[in-house]
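Structure at a glance
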Amino acid sequence: MAFVPSLPVAHFAPYASSHKSSLRRALLRSPSRRASRLSPTVHRSAPVQIRASFDYDLAVIGAGVGGHGAALHAVSKGLKVVIFEAADVGGTCVNRGCVPSKALLAAAGRVREMKDADHLRAMGISLSDVEYDRQGVADHATGLASKVKSNMANSLTSLGVEIINARATLTGPQSISGSNGSTYTAKDIILAPGSTPFVPRGIEIDNKTVFTSDGALKMEWVPDWVAIVGSGYIGLEFSDVYTALGSNVTFVEALPNLMPGFDPEISRLAQRLLINPRPIDYHTNVFASKVTPGIPGEKPVVIELIDAGSKEPVDTLYVDAAMIATGRAPYTNGLGLDSINVETQRGFVPVDEKMNVVDKDGNVIEHVYAIGDVNGKMMLAHAASAQGISAVENITGKSHVVDHNTVPAACFTHPEISMVGLTEPAAKEAAKEGGFELGKSIGHFRANSKALAEGEGDGIAKVLFNKDNGKILGVHIIGIHAADLIQECSNAMARGTTVDELAFCVHTHPTLSEVIDEAMKGAVGMAAH
Ligand SMILES: Cc1cc2nc3c(=O)[nH]c(=O)nc-3n(C[C@H](O)[C@H](O)[C@H](O)COP(=O)(O)OP(=O)(O)OC[C@H]3O[C@@H](n4cnc5c(N)ncnc54)[C@H](O)[C@@H]3O)c2cc1C
Ligand SMILES: NC(=O)c1ccc[n+]([C@@H]2O[C@H](COP(=O)([O-])OP(=O)(O)OC[C@H]3O[C@@H](n4cnc5c(N)ncnc54)[C@H](O)[C@@H]3O)[C@@H](O)[C@H]2O)c1
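Residues numbered from 1 in each chain as written. Chains lettered and ligands numbered in written order. Predicted model: local features only at pLDDT ≥ 70, side-chain atom pairs only at ≥ 80, totals over all residues. Heavy atoms only, no water.

Here we look at helix H6 (residues 134-158)
Since the α-helix turns once every 3.6 residues, residues separated by three or four places project in the same direction. Applicable threshold: Helix numbers and strand numbers start at the N terminus; a helix is a DSSP run of H or I with at least 4 residues, a strand a run of E with at least 2. A helix is expected to reach a length of 1.5 Å times the quantity of its residues less one. Note on contacts: a residue pair qualifies if any of its non-hydrogen atoms lie within 4.5 Å across the two residues.
With 25 residues, H6 ought to run about 36 Å at 1.5 Å a step, and its terminal C-alpha atoms sit 36 Å apart, in line with that. Residues of H6 that are buried in the fold lie against helix H2 (65-76), strand S3 (81-84), helix H3 (91-96), helix H4 (98-115) and strand S4 (162-164). Phi for Gly160, located one or two positions after H6, is positive at around 95°.

Quick notes on the site of ligand 2
Stated precisely, the cut-off is as follows: Throughout, near means a residue has at least one heavy atom within 4 Å of the molecule or strand. Polar contact criterion, stated in full: a pair of N or O atoms within 3.5 Å, where within protein one must be able to donate a hydrogen and the other to accept it, and residues adjacent in sequence count only if both atoms are side-chain atoms. The Shrake-Rupley method, run with a 1.4 Å probe, gives the accessible areas here. Residue values count only the displayed protein chains as cover. Polar here means any residue outside two lists: the nonpolar Ala, Val, Leu, Ile, Met, Phe, Trp, Tyr, Cys and Pro, and the charged Asp, Glu, Lys and Arg; Gly therefore counts as polar.
Near ligand 2, the surroundings consist of 30 residues, among which Ile234, Glu253, Gly327, Met379 and Ala410 are the closest. Between an oxygen atom of ligand 2 and a side-chain N or O atom of Glu253, the distance comes to 2.6 Å. Met379 is positioned with one of its backbone polar atoms (N or O) 2.8 Å from an oxygen atom of ligand 2. For ligand 2, the protein covers 90% of the area, taking 840 Å² as the surface of the free molecule. Contributions of two or more residues to the shell around ligand 2 are made by helix H8 (233-244), strand S11 (248-253) and strand S13 (286-292). Taken together, the residues that form the shell around ligand 2 break down as 19 nonpolar, six polar and five charged.

What about the UniProt feature "domain: FAD/NAD(P)-binding" (unreviewed entry) in the chain?
Rules: UniProt positions are given in the numbering used here, feature names are shortened, and annotations may be inferred rather than shown by experiment.
As recorded in UniProt, the sites labelled "domain: FAD/NAD(P)-binding" (unreviewed entry) are residues 56-388. Secondary structure content for residues 56-388 is 31% helix and 27% strand, while the C-alpha to C-alpha distance between its ends is 17 Å.

Overview of the site of ligand 1
Around ligand 1 there are 38 residues in total, and Glu85, Thr92, Lys102, Ala168 and Asp373 lie nearest to it. Here ligand 1, which alone exposes 1,000 Å², has 94% of that area covered by the protein. Of all the elements in the fold, those that place two or more residues in the shell around ligand 1 are H2, H3, H4 and helix H10 (381-395). Tallied by class, residues from the shell around ligand 1 come to 19 nonpolar, 12 polar and seven charged.

A closer look at the pattern of salt bridges
Charged atoms that come close allow side chains of opposite charge to pair. To keep it simple, the criterion reads: Salt bridges are defined by distance alone: a side-chain nitrogen of Lys or Arg within 4 Å of a carboxyl oxygen of Asp or Glu.
Under the criterion given, the structure shown has 15 salt bridges. The salt bridge involving Arg96 is made with Asp88; its shortest N-O contact spans 3.9 Å. Each member of the salt-bridge network shares a partner with another, and the members are Asp263, Glu265, Glu424, Lys428, Lys440 and Lys462.

Here's the deal with the UniProt feature "binding site: NAD(+)" (unreviewed entry) in the chain
The condition is simple: The buried label applies to any residue whose accessible area, calculated with a 1.4 Å probe on protein chains only, is under 20% of its type's maximum; exposed applies above 50%, and partly exposed to all values in between.
Within this numbering scheme, the UniProt entry marks Gly230, Ser231, Gly232, Tyr233, Ile234, Gly235, Leu236, Glu237, Glu253 and Gly327 as carrying the feature "binding site: NAD(+)" (unreviewed entry). Tracing the backbone shows Tyr233 in helix H8. With a relative accessible area of 17%, Tyr233 lands in the buried category. Along the chain, Glu237 turns up in helix H8.

Here's the deal with the environment of Thr508
You can see Thr508 is positioned in the loop between helix H14 (499-504) and helix H15 (513-524). Taking the relative accessible area as the measure of exposure, Thr508 reaches 54% and is therefore exposed. Separated by 368 residues in sequence, Thr508 and His140 have C-alpha atoms that sit 33 Å apart. Other than its neighbours up to four places away in sequence, Thr508 contacts Ser513 and Glu514.

Looking at the state of the cysteines
Which entries qualify depends on this criterion: Note on disulfides: each one is a pair of cysteine sulfur atoms within 2.5 Å.
Counting across every chain of the model gives one disulfide. Put simply, Cys93 and Cys98 are joined by a disulfide, and their sulfur atoms are 2.4 Å apart. Taking the torsion about the S-S bond as the criterion, the Cys93 to Cys98 disulfide, at about -130°, is left-handed. Here Cys93 falls in the buried class, since its relative accessible area comes to 8%. With relative accessibility at 27%, the residue Cys98 sits in the partly exposed group. Free of any disulfide, Cys411 has its nearest cysteine sulfur in Cys98, 12 Å distant. Look at Cys411 and you get buried, because its relative accessible area is 0%.

If you want it as structure tokens, here you go:
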């Protein structure tokens with residue numbers, strides 16, 4: 001039995017918030033934002049003539065988590081599958097994303113905890129010196145990435161998926177040419193080419209003093225002072241790593257508030273827990289218009305800041321390093337989209353709800369699907385994989401649509417943040433439009449025995465629900481192990497479980513899950529049914 005590594009199979013509170021400025025709208029249009037607004041008027045065109053035989057039933061372009069999930073699911077359906085990978089099996093998540101970043105966060109989290117003398121003293125522990133070996137921490141991340149990468153490749157080959165190490169270019173809806181000089185045909189094709197870091201104009205990456213997450217994950221040095229441009233997922237997780245390892249951090253954020261993608265109440269609490277007590281300062285409502293690399297120990301990195309509204313210069317920062325975390329751009333270079341009459345929308349490949357690619361005239365292209373970061377619906381590993389599985393379901397004749405509203409997301413800071421469904425401003429709008437009353441109930445980590453035993457009583461779990469029928473609209477958690485706690489809420493939303501049904505589910509004592517239990521029980525008295 002092949003070992004299939006634990007890899008994502010399922011996002012995100014919508015980026016909706018109450019901000020309505022033109023700046024916000026402009027940013028929501030930036031490449032890494034969700035493109036679920038890409039809802040082209042779709043016409044189903046006459047199916048392409050299917051040739052008598054093809055080299056493969058399914059060809060997948062890109063062996064990231066999306067392509068991997070699709071390929072494994074296709075094999076389980078009895079399809080003959082080939083997967084093309086131009087670089088590393090595992091793609092962004094395994095090699096330059098989720099996996100190494102979580103390894104760094106795990107190591108840095110332990111350093112933070114062991115350096116927190118008050119926290120340890122409260123449990124009767126004292127430690128003298130806490131030291132870390134930078135190279136050792138870096139090796140933990142690269143070692144894990146390479147292990148998961150090889151597990152992933154093995155899981156593909158052992159189940160009979162052919163891996164072709166070549167760049168693939170579409171030459172038509174059912175044909176591909178490889179950078180290895182060969183051509184291939186497949187009855188169906190799934191595009192899963194992922195994304196790369198988006199670097200705004202004026203920023204020069206030298207991969208030494210100015211870098212994106214690709215460079216930061218190598219952890220070649222720990223700068224004394226690092227500016228992080230962008231306070232989204234990547235910026236926040238890296239601020240956690242850097243401050244634990246001893247750096248001072250300055251955030252540069254274009255929107256008026258830090259962490260603008262999260263529910264505003266959670267962002268405010270995150271500011272109290274993750275920003276204010278740490279050596280972090282910030283500039284909001286500003287763009288980094290020009291970033292010039294420096295020389296470590298000799299010349300600082302120079303960051304010119306302009307006002308996000310007026311575009312007037314406001315400040316200049318001189319720091320040791322700058323990490324650019326301003327979103328990700330879909331990667332469609334050399335994919336051959338012209339051959340199937342497809343025009344990207346803000347860089348993303350347009351798809352319908354079944355992940356079928358839509359051409360520039362609004363026609364669905366039979367046999368061609370696009371999943372994962374490249375369609376911009378939800379730039380998360382588990383969403384990519386879920387979309388891949390969904391595409392295969394549709395290919396094999398079972399109509400399937402991913403419910404993105406119930407896909408959870410988490411930010412792996414200490415403590416963690418997690419979410420599913422609507423943010424509170426979006427839920428208020430939904431209640432107004434739908435003519436129902438919005439309920440809100442909160443569970444507290446400070447009232448939870450397990451959290452207190454761990455000395456981790458900070459945080460809340462907030463449930464937003466429809467008071468008329470008890471259905472959950474969104475859940476937002478900040479607190480220890482929030483990333484694991486959200487799953488129960490996501491499953492409940494996906495199954496239409498109500499707050500009172502969940503409140504009657506028995507939660508183990510003493511566990512953190514009782515924070516959710518408290519929030520659900522609190523909701524019951526408010527729900528009107
Ligand atoms: C620092 C960081 C941390 C992250 N942490 C998390 C996290 O904790 N949780 C989470 O859910 N998400 C996380 N993400 C996001 C996650 O990594 C992506 O959503 C996910 O990797 C998208 O998967 P994908 O399969 O669509 O594309 P990718 O993983 O980008 O894979 C695409 C693959 O296709 C290959 N390719 C491209 N074009 C071609 C071609 N023409 N021919 C052949 N091969 C091609 C590429 O080489 C690549 O290997 C993180 C991202 C980053 C950058
Ligand atoms: N734990 C996770 O699930 C996880 C972790 C890392 C990354 N990711 C995924 O990777 C993707 C990319 O992450 P990210 O943090 O780069 O993007 P993001 O979209 O989460 O955040 C980007 C931030 O940069 C700001 N910004 C954009 N342009 C700017 C500029 N010129 N100057 C200053 N600020 C600017 C935006 O307002 C935003 O706050 C996300 O879509 C996320 O889904 C997920």
